[in-house]
Amino acid sequence: MFSDILYNTGLEHALWGDCGPDFYAVRPYRDYDNPDSQPLWQAWMSNWEYATVTPTSPWRGVQSMPREIDLKTSEKGYVIIQKPFKGFEKLRKDSVVVENLNITGNQSFNDFQPTRNTYEAKFTFDLTGNSDQNFGINFCIKRMSKVILGYNAATSNVYFDRTQSGNVSFSDRFPKVLYIPVKNKTNQLKFHVFVDESTIEIFINDGENVISSLMFPAAEATGIELFSKNGNTNLSRFEGWELKSIWNDNQTSVILPEESNFNVFVNRENNIII
């Protein structure tokens, strides 16, 4: 698959699998017994520039979401399309839908107020406004803390800014602003976003580009804000869900001696699960 990408672009390292800073050592997999199964891949969500000093304890690092992958032809040759594994839809709680919301300046997004930073959200913006449109979403807001995702129509760039995303002081290489060229052939821009406490994964235009990033906001930094510079922007559709945990609520962890190399959970019926 990867050799096809190189041959069709004629350039080595021409296409990135992920535009974010935290998507490393990807591992593809699929159902060996079912040749028609959807191929998936998953990566380590960190970066060796700061992996040993991230402010986490006792764990050090997480995996990205499993993603369904496919090939699509484009003017660049073959490109990889990534979409969230469909199984995550089972974690959705009640949906919140908003349509045709006019955005002016900065405004709190009161229609969707998650109680924790564990949610999925789809934003579809209308691009039929002026050519200087500059709009987006601020996530994980608390006072001056926020994660910025935006689009500048004048430069055709999506930008992602985590320089104010909470705890960024542990490494001078962690605060980053990224710019991703995104040329839209339609009059819409789509962001499909998964926020999971210390991670944010953003699928742009149905997975044509993806941004995977760590972040370390305060637990109570759950605010969401919309913004539009240089005029108004229409949010043509939003749909969001708070997400349930993958862990069973009736399980509690047991702390084992340091030399142990496995995890044990005990449920309320005292059945041991390893």
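Residues numbered from 1 in each chain as written. Predicted model: local features only at pLDDT ≥ 70, side-chain atom pairs only at ≥ 80, totals over all residues. Heavy atoms only, no water.

What follows concerns the overall build of the protein chain. Across its full length, the protein chain carries one helix and 18 strands. Buried positions account for 44% of the 274 residues belonging to the protein chain. Partitioning the contacts of the protein chain with sequence separation of at least 6, the portion at a separation of at least 24 is 60%. Counting only carbon and sulfur atoms, one obtains 48% of the accessible surface of the protein chain, whose full area is about 15700 Å². (Helix = DSSP H or I, 4+ residues; strand = E, 2+ residues; numbered from the N terminus. Buried < 20%, exposed > 50% of the residue type's maximum accessible area, 1.4 Å probe, protein only. Contact = heavy atoms within 4.5 Å. Areas by Shrake-Rupley, 256 points an atom, 1.4 Å probe, with all protein chains shown as cover.)

Moving on, we come to the packing of aromatic side chains. Inspection of every chain in the model, using the stated rule, returns 20 aromatic pairs. Taken together, a centroid distance of 4.8 Å and an interplanar angle of 90° make the contact between F109 and F238 edge-to-face. Highlighted residues: F109 in the loop between β6 (92-108) and β7 (118-126) and F238 in strand β15 (residues 223-243), separated in sequence by 129 residues. In this structure F238 comes out as buried when scored by relative accessible area, which is 0%. Centre to centre, the rings of F112 and F238 are 5.3 Å apart; their planes meet at 55°, and the pair counts as tilted. Separated by 126 residues along the polypeptide, F112 in the loop between β6 and β7 and F238 in strand β15 bring together distant segments of the chain. Of the two residues, F112 and F238, both sit in the buried class. A cation sits over an aromatic face here: R92 above W241, 3.8 Å from the ring centre. (Phe/Tyr/Trp six-rings, centres within 6.5 Å; stacked < 30°, edge-to-face > 60°. Lys NZ or Arg CZ within 6 Å of the ring centre and 35° of its normal.)

Below, the discussion takes up the pattern of salt bridges. Side-chain pairs of opposite charge can arise whenever the charged atoms involved come near each other. Considering all chains together, one arrives at twelve salt bridges under this definition. The partner of R162 in a salt bridge is D22, and the shortest N-O contact between them spans 2.9 Å. Placement of the pair is R162 in the loop between β10 (157-161) and β11 (177-181) and D22 in the loop between α1 (2-9) and β1 (24-29), with a sequence separation of 140 residues. No difference in accessibility class separates R162 from D22, as the two residues are buried. The partner of E197 in a salt bridge is R116, and the shortest N-O contact between them spans 2.7 Å. With E197 in the loop between β12 (188-196) and β13 (199-204) and R116 in the loop between β6 and β7, this residue pair connects regions lying 81 residues apart in the sequence. Put simply, D18, R67 and E201 are held in one network by salt bridges that share partners. (Salt bridge = Lys/Arg side-chain N within 4 Å of Asp/Glu carboxyl O.)

To continue, consider the environment of N117. Relative to the helices and strands, N117 is located in the loop between β6 and β7. For N117 and T199, which are 82 residues apart along the polypeptide, the C-alpha to C-alpha distance reads 9.3 Å. Beyond its immediate stretch of four places on either side in the chain, N117 contacts C140, V195, D196, E197, P217, A218, A219, A221 and T222.

The next subject is the pairing of β15. Here is the key point about a regular strand: its side chains alternate between the two faces of the sheet. Pairing of β6 with β15, which is carried by 13 bridges, proceeds in the antiparallel orientation. By the bridge assignment for β15, V98 is matched with F238. Relative to β15, β7 is paired through seven bridges, and the arrangement is antiparallel. Bridge pairing in β15 places A121 opposite G240. (Pairing = 2+ DSSP bridges.)

Right, let's get into the confidence of the model for the protein chain. For the protein chain, per-residue confidence averages 86 on the pLDDT scale, and 85% of positions sit at 70 or higher. Per-element confidence in the protein chain ranges from a low mean pLDDT of 38 for strand β18 (residues 272-273) to a high of 98 for β13. In the predicted structure, residues 251-274 sits below a pLDDT of 50 and forms 30 contacts with residues beyond four places in sequence or in another chain. (pLDDT = per-residue confidence, 0-100.)

Further remarks concern the pairing of β7. Burial analysis of β7 places seven of its nine residues in the buried class, which makes it a mostly covered element. When β7 meets β12, the two strands line up antiparallel, connected through nine bridges. Bridging across to β12, A121 finds its partner in V193.

What follows concerns the side chain of S165. Its location among the elements puts S165 in the loop between β10 and β11. If sequence neighbours within four positions are ignored, S165 has contacts with S145, K146, V147, F174, M215, F216 and P217.

Below, the discussion takes up unusual backbone geometry. The step from S57 to P58 runs through a cis peptide bond, and the omega angle for that step is 0°. For P58, the location among the structural elements is in the loop between β2 (40-45) and β3 (62-63). Here A25, not a glycine, exhibits a phi torsion of approximately 55°, which is positive. In this structure, A25 sits in strand β1. The phi dihedral of S156 is positive, around 55°, even though this residue is not glycine. Position of S156 relative to the elements: it lies in the loop between β9 (145-152) and β10.

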